[in-house]
Every structure is written in C-alpha cells, then in structure tokens.
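Structure at a glance
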Amino acid sequence: MTQVKPSCPSSTMGKKSRVKTQKSGSGASTAVSPKEMMNLISELLQKCSSAAPSAGKEWEEYLQIRGLVEKIRKKQKGMSIVFECTREDYFPDLMTWAQENGASCDSFTIANFGNEGFGLQATRDIKAEELFLWIPRKMLMTVESAQNSVLGPLYSQDRILQAMGNVTLALHLLCERANPVSLWLPYIRSLPQEYDTPLYYQQDEVQLLLGTQAVQDVLNQYKNTARQYAYFYKLTHPAASKLPLKDSFTFDDYRWAVSSVMTRQNQIPTEDGSRVTLALIPLWDMCNHTNGLITTGYNLEDDRCECVALQDYKENEQIYIFYGTRSNSEFVIHNGFFFQDNSHDRVKIKLGVSKSERLYAMKAEVLARAGIPASCVFALHCNEPPISAQLLAFLRVFCMTEGALALFEEKLTFSFISEELKDYLLGDHAINKIFTLGNSEFPVSWENEIKLWTFLETRAALLLKTYKTTSEEDRSMLEKPDLSLHSRVAIQLRLAEKQILEKAWASGRAKRLNFQKKLEEGAPLPRYEESDIALLENTNTDAKLPIILHKLEEVEEDGQAIQMEEHSLLLNGEKVMYGIGMEANKEPVQDETQEKVCKDANLPSDSIGNLKAKGQRDVADQSASQTEEIPKENSE
C-alpha cells in the first residue's frame, strides 16, 4: 500500500465535525520518500518474520524491531487520521445513533468515572438479572460485515484475513473510519484515540516487565503487530489498492485499530446460528469490569446481543459487567489495566514427567487415564488452595516413587511389574482409583503428600528468585508519586506475581509440615468407598463458574493450528455450548512456523497478530481456558 495525504471524512449526523490529517511539529505533513519508506517496511517485515531468537535474546530482538518501528513512526508523523473533537463530544451522537437503530438506551447514560475511565451510569434503579441493554446485529461490526464491505474482495483472496478474524476487524475498522458515510461512524468516533495496552508503552515501561511471566507475550504482541502492519503495507493485490487505506496507513493507525479490536472483540453466532464470528459491540463495550458472573449472551430469535444486570443498581451508580476469570497478566496484556481485587489471578507453572525416568511410561499412562498430559502448563492461584484438583492429581503422580506406587496398588511389585501394572491401569476399579488422585481427601500416601508439597514449596521459592526486585522494593516503587500509569501497572503486575508465589510457598510449607506430623504420628490413611469418589473436575473453582470447560481441543485448519474453546451463547433464551476456534485469549491462531502445544496447555504462542480477546477462564487448571471476551473501557 502506498501512502498519500489521507482523506478527511465528515460527520453525517448530529454535531458536524470532520476527520483531519494530524500535522507534524512543523505545522505541515512530513514529506516521505516512498522508496525510503518501502525499504524500512521491508526491513521490518524481514526482521519480524525471521526465526524466533535464542533464549535470552528476546529483549534484544524487541529493541531492534522497536527501533525500526520508531523510524517509521517518525517519518509518518503528521500522516495519521484523527478526529478533531474529543471522544466525549461524540457520545451524544453515539446514543442517538444507537436508539435510532433499535438499541436500548433508556436505562443508562455514559459518564466519566475517573481512574476507571468512561462507563455506563444507571439513570434509574435496575434490578439484578433485569434485561437493561440490547444491541441489534445491524449495529455490530463483524467479520461478516467486513466481508460485505469494501474489504470483501481482499478478504476473499487473502488467507491471513480468512484465518484471523481479529485482523479482519482491525482493517474493517480502519476502512470504515475513512468512509465519511459509514454506518458505524458514530461508534468509531466514540472510541479512544489511544489505549493503555503494552503496544503503547514506552521502552523503559516495557523493561519493567522483564522477569515477569507477561513479558514474552508482550514482546510477541509487539512483534506480531509490526509484522502484520508491514505485510499489509506492502500488499500489492489489486483489491488492496482499492481500499481507502491506500491514502493513509500508518503504524499508529494500525496500532490503534489492533488495540480497539483487542480490547473489545467478542464472539457471537452467525445469522444462521451454525457457527460463530467475531464482533465489536457498540455501547455495550463501554461497561467496566467487576467480579461476578457472565451476564451477556446472544438471542438468535431477536437477533441481538443482550445483557442483564449483574446486581442491583441504584440510579446514578455505575453499571458493571464481568469480563471472565482472567489473570492480571491477561488483563494488562490484552485490556490495558490491572484489576486490584482479582480473585482469579494466577501465575503459570510448567511441569512435565521426564521421559528418561524409569517410571515414565507408567506415570504417563496414569495421567492419560486422568485426562492430564505428561507435560503441561498449569497455574498457581492467588487463593487457597493454590493448586487445582488437576494439578494436585498431576503432582501426586509426578512424585510417585516405586514404593509409593506399591502403596497405591498393593499388589504391585517392581520385580514383576507387567501383569500387576495392567491390572492397576485396566482393572475393574482402576478408573475409580485414578479419579481419587485429584481429591485432597484421599492421599496416595503421607510420604507422597510430603514430597509433592515439598516440591511445590521449592519450585515457588526458585521462581521467586528469578525476579530482579523483591516485593518490598516493588511496594516502595509504587509509593513514588511521579510514576507513570504504565509503569505503575507493570510494577503492580510484577508484585502480584510474586505475592501468588509467596502464598504458594507458604501453603506448600504448611501442608508439608502437616503431613510430616501425620506420618510421625502414624495416622491411618483415609480410605474411600465407591460413593466417595470425586471426579477430577471437582473443586471450588468450578463451583464458582456458570459453565464448566472440560477440555481444550486443538484442530488443524488450512495448515494452521487453531485451539478450540467452548463458549456459552444465549440462543433463544437457552444456554448452549459452542466449540469456537478463534485467535483470542488463549491462544491465537498460529503462524505456519508455530510449534504445536499440548492440547490442555496454556502456552504463549507466536502468531501473525497476537490480538487477544477479552475474558478468560482457567477451569480446574488444565490449564485450559474458556473465553468470555468482555470489553474493558479503560482508555483514558
């Protein structure tokens, strides 16, 4: 795509205002040599498409990519399209447009809530579970509407757009922004002009995330966005030359579109209800997050997105929704905020049974019967207990010794193992024994419990040592009054990870001491009856969730791995389960070069555009996730 002075669409309703070309500091648009720009873009694309750097070189690669991007941004200064008025000036047009198109607007208004940014404010008392907001399909920006727009011809030819709905939405958003008579212009003008996602962080602010579990995803997010931008800038397909983006397509424009989609995209059923598609949902995406349950669904009969009240709201109170059980790392990376009171916060822990271990085959088989991979990424939770039933089951098998296995299956002898092992795995009651592995009521042995909690205690201590600062130093930094918003969020995230690890360490130590005492006292092991068997997917975590995700599947489509997630959508008033493939949290549609991950693992992956949708639930810590992509109004 070549760049020329951008067009300036104007408002078609309400207060008249026009889009203007942002001027450079000199007061005139910066002249840029097309050849020089194309050389920089080509260099950026090559750098972003190269093989993943070796371990420890990720930060160096990020600096090189960022350096190229900053050169491009400098030369593009003054070429981005911005609206003249402030975002708040366009809210009346947004409300009028929504009402004219059949949305419900009688129960709320848009208000500024300080540090939380803009949100919805009740204009009357609203009862819990009362339907107060609905948005008809014609107002939604979707992959389907993109296919029926000026972007359609390119979509039909470009496999990246076909594979990645979020990228399609980003370009759809940019094309409609440049269209002076776009149906969605009132919505687009109401979006933030900048975001607080890590794509907008300064280099020193990103550096504060080094050592955290979030940093790799942050670096990948930047790399993937830069690669996407360079790819579409260089695209020479005839359909690309007909897009309004040919007049202006800056990195800042694309970063804005990517962040708009990343913080707002959601999944809805297609018109015929046969599959799902990605959508931006105007007005509803103004709602801010709080703890609770998912209260939004899609009604196919009325063909609209519907939201019921999470709780009772008095007139003038802010109306919240629940984004899903996302960790603070996910909130920061994909939504641009840190949620202080996050009862679902967690950190990842990668575990695996060594293939060189003599008992590997036996352990892998027992784990497989329990539905757990022999190598996987689990999570340590901020609550007590710090581990789920599934992680408990894994650790019990992981820590089994030959003696422990003999205790668990009394007839096992390791001199003559074949028949006994077959009976242990395939016998009449073997499946029941396996299911007790995730139940804290029935230890394999006191020695096994001591070993697994000692392991957890030690692993948490080792992970804490990987951070360059202590919790006390982080708390001290947070007291500085001149700390930037992004720096504060980065340090808050860093501290939250450490606090989870500290709690896991303390819990492991306490439980180790408890089981050591039981062993010393010669306490009898609890014995189970058939009626006592608790399925592996138990636990308090599941009880808090409206819908339980049992597994995460991985399928192949057009040579790309797409992880399938189960989602709940409201169809004609009934909850149904959907298998949904999306480049969302977690995980994204992957590049052809992306390595496969275990189907239940919550592993970071590199994709062409790591644009994650909102709201993710970690259920029974497989570490599978269920996405409830809910937007966050966190722009100011």
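To start, this report covers the structure provided alongside it. (Residues numbered from 1 in each chain as written. Predicted model: local features only at pLDDT ≥ 70, side-chain atom pairs only at ≥ 80, totals over all residues. Heavy atoms only, no water.)

1. Here we look at the packing of helix α20 (residues 471–478) against helix α21 (residues 485–521)
- Where α20 meets α21, the closest approach of the two axes is 10 Å, and the angle between their N-to-C directions is 150 degrees. Between α20 and α21, the crossing angle belongs to the class labelled roughly antiparallel. As α20 packs across α21, the resulting crossing turns out to be left-handed. Contacts between α20 and α21 involve Ser 471, Asp 474, Arg 475, Met 477 and Leu 478 from the former and Arg 488, Ile 491, Gln 492, Arg 494, Leu 495, Lys 498, Gln 499 and Glu 502 from the latter.
- A per-class count over the contact of α20 with α21 returns four nonpolar, three polar and six charged. (Axes fitted to C-alpha atoms, helices over the stretch in contact; angles between N-to-C directions. Helix = DSSP H or I, 4+ residues; strand = E, 2+ residues; numbered from the N terminus. Parallel < 35°, antiparallel > 145°, perpendicular 65-115°, else oblique. Left-handed = near helix turned anticlockwise from the far one by under 90°. Contact = heavy atoms within 4.5 Å. Nonpolar A, V, L, I, M, F, W, Y, C, P; charged D, E, K, R; others polar.)

2. Things to note about the pattern of salt bridges
- As enumerated under the stated definition, the model contains 22 salt bridges in all.
- Among the ionic pairs, Glu 36 bridges to Lys 75, the shortest N-O distance being 2.7 Å. In this pair, Glu 36 is assigned in helix α1 (residues 34–49) and Lys 75 in helix α2 (residues 58–75), connecting sequence segments 39 residues apart.
- A salt bridge links Glu 130 to Arg 124; the shortest N-O distance between them is 2.7 Å.
- Connected through salt bridges with shared partners, the residues Glu 70, Arg 73, Asp 252 and Arg 255 form a single ionic network. (Salt bridge = Lys/Arg side-chain N within 4 Å of Asp/Glu carboxyl O.)

3. Overview of the sheet that holds strand β3 (residues 108–112)
- Taken together, four strands build an open sheet; the order of strands is β3-β4-β12-β9 and the sheet is mixed. Each edge of the open sheet is held by one strand with a lone partner, namely β3 and β9 (288–289).
- Note: β9 against strand β12 (residues 318–321), two bridges, orientation parallel. Paired with His 289 across the strands is Ile 321, a residue of β12. (Pairing = 2+ DSSP bridges.)

4. Focus on the sheet that holds strand β8 (residues 276–280)
- Pairing is antiparallel across the open sheet formed by three strands, whose spatial order is β6-β8-β7. Strand pairing shows two members of the sheet lacking a second neighbour, β6 (141–142) and β7 (266–269), which therefore form its edges.
- Relative to β8, β6 runs antiparallel, the two being bridged by two bridges. Among the inter-strand pairings, Met 141 is bridged to a residue of β8, identified as Leu 280.

5. Focus: helix α15 (residues 389–398)
- Counted residue by residue, α15 has nine buried out of 10 residues, so it is predominantly covered.
- Listed as buried for α15 are Ala 389, Gln 390, Leu 391, Leu 392, Ala 393, Phe 394, Leu 395, Arg 396 and Val 397. (Buried < 20%, exposed > 50% of the residue type's maximum accessible area, 1.4 Å probe, protein only.)

6. With respect to the pairing of strand β14 (residues 375–381)
- With six of seven residues buried, β14 lies mostly within the body of the structure.
- Summarising the sheet, strand β13 (residues 346–352) and β14 pair through seven bridges and their orientation is antiparallel. Considered in β14, the bridge of Lys 348 is made with Ala 379.

Everything listed is a geometric property; what it means functionally is a separate question.
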